[in-house]
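Close look at the chain arrangement
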Amino acid sequence: MRTLVTLVALAGMVAFAVVLARLTLEASPASVPLTRSNLMPGRSIGNYLRQPGFVDTVKQLGGNIALGVPFGILLPLLSRKTRGFLRVALVTAATMLLVELVQGALVTGRAFDIDDVFLNTTGALLGYVLVGRRLGRAVRPRTRPRWWKRRPEDSSA
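In short, a report on the structure. (Residues numbered from 1 in each chain as written. Predicted model: local features only at pLDDT ≥ 70, side-chain atom pairs only at ≥ 80, totals over all residues. Heavy atoms only, no water.)

Concerning the pattern of salt bridges
Applying the stated criterion to the full structure yields one salt bridge. Where Glu26 meets Arg22, a salt bridge forms, and the shortest distance between an N and an O atom there is 3.2 Å. Owing to a relative accessible area of 56%, Arg22 belongs among the exposed residues under this scheme. (Salt bridge = Lys/Arg side-chain N within 4 Å of Asp/Glu carboxyl O. Buried < 20%, exposed > 50% of the residue type's maximum accessible area, 1.4 Å probe, protein only.)

If you want it as structure tokens, here you go:
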């Protein structure tokens with residue numbers, strides 16, 4: 001059963017990678033005059049929140065959060081080593097940082113935005129807390145007891 005779940009999670013991750021590439025790495029020549037890189041955390045989020053179009057704000061912020069959710073669900077299913085709040089955050093942030101760097105450096109009409117990395121990571125953490133944590137524990141239970149539940153070694157020899 002674990003093997004099947006791992007294969008399904010792997011297939012899900014590949015499908016997610018394809019969707020991610022299509023959404024973020026496709027050139028947009030018409031957007032060239034509008035693109036600006038953002039290295040200051042919070043700047044883009046603030047700009048989205050100040051714009052009058054509520055639907056556009058929700059699409060931009062919600063879309064970036066939703067884009068990270070699959071990471072939080074699938075990473076704990078793939079490996080015990082990628083389970084845990086901090087690990088999910090680090091793996092997602094590193095992956096999304098790489099995507100943003102490639103997007104900003106190599107894709108016409110796209111720009112690097114640090115806020116996208118934060119929003120994607122937030123989505124992954126939401127996915128992990130809501131679903132991924134339980135699924136990861138169900139599929140890959142702990143093999144060792146937690147340090148506070150371990151019995152001290154019998155020192156009488």
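A look at the packing of aromatic side chains
One pass over the full model with this rule turns up one aromatic pair. Centroid distance Phe16 to Phe71: 5.2 Å. Interplanar angle 75 degrees. Geometry classified as edge-to-face. Here the residue Phe16 occupies a position in helix α1 (residues 2-24), and Phe71 occupies one in helix α3 (residues 54-78), the gap between them amounting to 55 residues. Of the two residues, Phe16 and Phe71, both sit in the buried class. (Phe/Tyr/Trp six-rings, centres within 6.5 Å; stacked < 30°, edge-to-face > 60°. Helix = DSSP H or I, 4+ residues; strand = E, 2+ residues; numbered from the N terminus.)

Remarks on the side chain of Glu100
Tracing the backbone shows Glu100 in helix α4 (residues 85-106). It turns out Glu100 is buried and unbridged, and the closest side chain with the opposite charge, Arg110, is 7.9 Å from it. Not counting the four nearest positions on each side in its chain, Glu100 is found in contact with Ala111, Phe112, Asp113, Asp116 and Val117. (Lys, Arg positive; Asp, Glu negative; His and termini not counted. Contact = heavy atoms within 4.5 Å.)

Quick notes on helix α2 (residues 43-50)
When α2 is considered as a whole, its buried residues turn out to be Ser44, Gly46 and Tyr48. Structurally, α2 contributes buried residues whose contacts are with α3 and α5 (114-139).

Describing the environment of Tyr128
When you line up the elements, Tyr128 lands in helix α5. Sequence spacing of Tyr128 and Phe118 is 10 residues, and the spatial spacing of their C-alpha atoms is 15 Å.

Examining a positive patch on the surface
Together, Arg133, Arg134, Arg137, Arg142, Arg144, Lys149 and Arg150 line one region of the surface with positive charge. Among the structural elements, Lys149 can be located in the segment after α5. According to the relative accessible area criterion, Lys149 is exposed, its value standing at 58%. (Patch = residues over 30% accessible without salt bridge, like charges linked within 9 Å, V, L, I, M, F, W, Y side chains within 5 Å. Areas by Shrake-Rupley, 256 points an atom, 1.4 Å probe, with all protein chains shown as cover. Charge placed at Lys NZ, Arg CZ, Asp CG, Glu CD.)

Focus on the layout of surface pockets
Of the volumes computed, that of the largest pocket is approximately 760 Å³. Taken together, 30 residues line the largest pocket, and the ones lying closest to its centre are Tyr48, Gln60, Gln103, Arg110 and Asp116. At the level of secondary structure, the elements contributing two or more residues to the lining of the largest pocket comprise α1, α2, α3, α4 and α5. Residue contributions to the lining of the largest pocket peak at five residues, all from α3. Here the lining of the largest pocket is built from residues that sort into eight nonpolar, 15 polar and seven charged. (1 Å grid on protein atoms, 1.4 Å probe; cavity = no way out; pocket = protein on both sides within 12 Å on 5 of 7 lines; lining within 4 Å. Points joined across faces, edges and corners; volume = space filled by probe spheres on them. Nonpolar A, V, L, I, M, F, W, Y, C, P; charged D, E, K, R; others polar.)

Considering the nonpolar core
Phe16, Leu20, Phe71, Leu77 and Met96 are the most contacted members of the largest nonpolar core, which has 21 residues in total. Mapped by element, the contributors of at least two residues to this core are α1, α3, α4 and α5. A total of six residues in this core trace back to one element, the largest contributor, which is α5. For Phe16, the contacting residues outside a window of four places in its chain are Leu67, Pro70, Phe71 and Met96. (Core = buried A, V, L, I, M, F, W, Y, C linked by side-chain atoms within 4.5 Å.)

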